[in-house]
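Chains, contacts and geometry: an overview
As a plain string of letters, each chain reads:
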Amino acid sequence: MTTETPIAIEINCETGVETVRPLTDQEITQRNADVALAEAERAEKDAKDALELAERTALATWIAGQSNLPEAARNALARATGVTLPVAE
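Anyway, here's the lowdown on the structure attached to this text. (Residues numbered from 1 in each chain as written. Predicted model: local features only at pLDDT ≥ 70, side-chain atom pairs only at ≥ 80, totals over all residues. Heavy atoms only, no water.)

**Notes on the overall build of the protein chain**
Inclusion rule: The helix and strand labels rest on DSSP assignments: H or I over at least four residues marks a helix, E over at least two residues marks a strand, and numbering proceeds from the N terminus. This radius of gyration counts C-alpha atoms alone. The globule rule is 2.2 Å times how many residues there are, raised to the power 0.38. For every residue, the accessible area (1.4 Å probe, protein chains only) is compared with the maximum for its type, and the residue is labelled buried under 20%, exposed over 50%, or partly exposed between those bounds. Here, residues are in contact when the closest pair of their heavy atoms is within 4.5 Å. Areas reported here follow the Shrake-Rupley algorithm with a probe of radius 1.4 Å; residue values treat only the protein chains shown as occluding. Two residue types count as positive, namely Lys and Arg, and two as negative, namely Asp and Glu; His and chain ends fall outside the count. Positions of charges follow a simple convention, taking NZ of Lys, CZ of Arg, CG of Asp or CD of Glu.
When you go through the protein chain residue by residue, the secondary structure sums to two helices and two strands. Secondary structure elements of the protein chain occur, N-terminal to C-terminal, as β-β-α-α. Compactness check: the protein chain gives a C-alpha radius of gyration of 26 Å against a globular reference of 12 Å for 89 residues, more than 25% above the reference. If you line up the protein chain on its principal axes, its C-alpha atoms span 75 × 35 × 25 Å. Expressed as a percentage of its 89 residues, the buried residues of the protein chain come to 11%. Put simply, 16% of the contacts in the protein chain that link residues at least 6 apart link residues at least 24 apart. Split by element, the accessible area of the protein chain, about 7500 Å² in all, is 57% carbon and sulfur. Treating the 8 positive side-chain charges of the protein chain as one cloud and the 16 negative ones as another, the clouds have centres 12 Å apart.

Shown next as structure tokens:
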């Protein structure tokens with residue numbers, strides 16, 4: 001497997017001259033840090049989204065299970081909390 005050296009493409013806006021050069025060690029380190037940070041932030045967001053979905057599902061299940069409440073009250077509670085009740089079969 002060959003690894004290509006990352007490059008930077010720079011364009012002089014005044015002359016239009018394009019310069020292609022390898023990234024410096026510092027630029028590569030920064031790029032790798034940026035990628036790692038983005039991956040960590042995405043994983044954190046995915047975990048937060050999964051937790052929110054689990055909480056909303058639990059709340060909807062709880063509301064649906066409140067058989068002592070009239071259906072209209074359960075539906076109103078679901079709307080007020082922003083959850084969708086499971087469909088009764």
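**Structural notes on the pattern of salt bridges**
The line we're drawing: Salt bridges are counted wherever a side-chain nitrogen of Lys or Arg sits within 4 Å of a carboxyl oxygen of Asp or Glu.
Applying the stated criterion across every chain yields a total of four salt bridges. Salt-bridge contacts for R21 lead to E10; the nearest nitrogen and oxygen are separated by 2.9 Å. Within this pair, whereas R21 is found in strand 2 (residues 18-22), its partner E10 is found in strand 1 (residues 7-11), the two being separated by 11 residues in sequence. Its relative accessible area of 37% is what places E10 among the partly exposed residues. Salt-bridge contacts for D46 lead to R42; the nearest nitrogen and oxygen are separated by 3.4 Å. Of this pair, D46 and R42 both sit in helix 1 (residues 25-64), separated by four residues, roughly a single helical turn. Exposure remark for D46: the relative accessible area of 37% places this residue in the partly exposed category. Here the residues in one salt-bridge network are E10, R21 and E27, joined through shared partners.

**Re the side chain of R74**
With respect to the helices and strands, R74 occurs in helix 2 (residues 71-81). One buried charged residue, R74, forms no salt bridge at all, with the nearest opposite charge on E71 at 5.0 Å.

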